[in-house]
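The chain contents come next:
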Amino acid sequence: MSAQYAWSERFPARHPVTEGSDHPAVSPLGDLYPPATEAEVRELEERLGVELPPSYRQSLLFANGWGSDDDCRLLRVEEIGWLRDVDPSVAESWSEPKPENSWSVPDELYFVYGLEQDSIHHRGEYVPDTLLIGYWGDGVALLNPHVRTSEGEWEAWYLAPWLPGANRYRSFWDLAMDELRMRYPS
């Protein structure tokens, strides 16, 4: 596992999981499920027809989902799918052009991350093609295959009804680390 995505350092289990156990360990973000196998992750990639981004792929090999409730829950490999297939109503409602959301947002507004980002500057036309990976509060965590880094990372999104658009991150790793910082400020 790449040290760049050292999931075990970020999510130390308070109760170790024994191999073959279905009982999850507890982490700062909730229950961690036993790791997905390499074969399960490859099967997911085959089902989706894509290679998963490295940080997300490695997270599945560390824990096949986390969270025991809908407050903060990442899906297990068997639950992950394209938003348009898994939750078509969400895909449709978020991809409809709105007057304040003209297609398409210019790159100079779109490719802004961090505190300077304005969530309204997302590209709704990408929504149906996003990968649904989890639920946080009343929103969804998504991976956007339309925006990839040279390392193969996909842009990660958080969409919620109270946001005028999407909170976007350069990668799944960045989204997960931001969630940790919000829940457990140093």
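Residues numbered from 1 in each chain as written. Predicted model: local features only at pLDDT ≥ 70, side-chain atom pairs only at ≥ 80, totals over all residues. Heavy atoms only, no water.

Colleague: A description of the pairing of strand β5 (residues 131-136) should follow, citing residues and the corresponding values.
Modeller: Among the six residues of β5, five are classified as buried, and the element is accordingly described as predominantly covered. Hairpin connection, β5 to strand β6 (residues 139-148): the antiparallel pair is bridged by two residues, and Gly137 has positive phi, about 60°. (Buried < 20%, exposed > 50% of the residue type's maximum accessible area, 1.4 Å probe, protein only. Helix = DSSP H or I, 4+ residues; strand = E, 2+ residues; numbered from the N terminus. Pairing = 2+ DSSP bridges.)

Colleague: Tell me what's going on with the nonpolar core, and back it up with residues and numbers.
Modeller: Burial of nonpolar side chains together is a common tendency in soluble globular proteins. Within the largest apolar cluster, 52 residues are counted, with the highest numbers of intra-cluster contacts made by Leu60, Leu131, Ile133 and Phe172. Counting residues per element, this core draws most heavily on helix α7 (residues 172-183), at six residues. (Core = buried A, V, L, I, M, F, W, Y, C linked by side-chain atoms within 4.5 Å.)

Colleague: So, the confidence of the model for the protein chain: which residues are in play, and what are the values?
Modeller: Scored by pLDDT, the protein chain has a mean of 83; 76% of the residues are at 70 or more. Looking across the protein chain, the model is least confident in strand β1 (residues 25-27), with a mean pLDDT of 52, and most confident in helix α2 (residues 38-48), with 98. (pLDDT = per-residue confidence, 0-100.)

Colleague: Break down the packing of α2 against helix α3 (residues 54-62) for me, with residues and values.
Modeller: Where α2 contacts α3, the axes come no closer than 9 Å and their chain directions differ by 140°. When the axis of α2 is compared with that of α3, the two are oblique. In terms of crossing hand, the pair formed by α2 and α3 is right-handed. The residues of α3 that touch α2, namely those facing Glu38, Val41, Arg42, Leu44 and Glu45, are Arg57, Leu60 and Leu61. (Axes fitted to C-alpha atoms, helices over the stretch in contact; angles between N-to-C directions. Parallel < 35°, antiparallel > 145°, perpendicular 65-115°, else oblique. Left-handed = near helix turned anticlockwise from the far one by under 90°. Contact = heavy atoms within 4.5 Å.)

Colleague: With reference to specific residues and values, describe the side chain of Arg123.
Modeller: In this structure, Arg123 sits in the loop between α6 (107-110) and β5. Assessed through its relative accessible area of 6%, Arg123 is described here as buried. Within the structure, the side chain of Arg123 is placed 2.5 Å from the side chain of Asp107, a separation counted as a polar contact. (Polar contact = N/O pair within 3.5 Å; in protein donor to acceptor, adjacent residues only side chain to side chain.)

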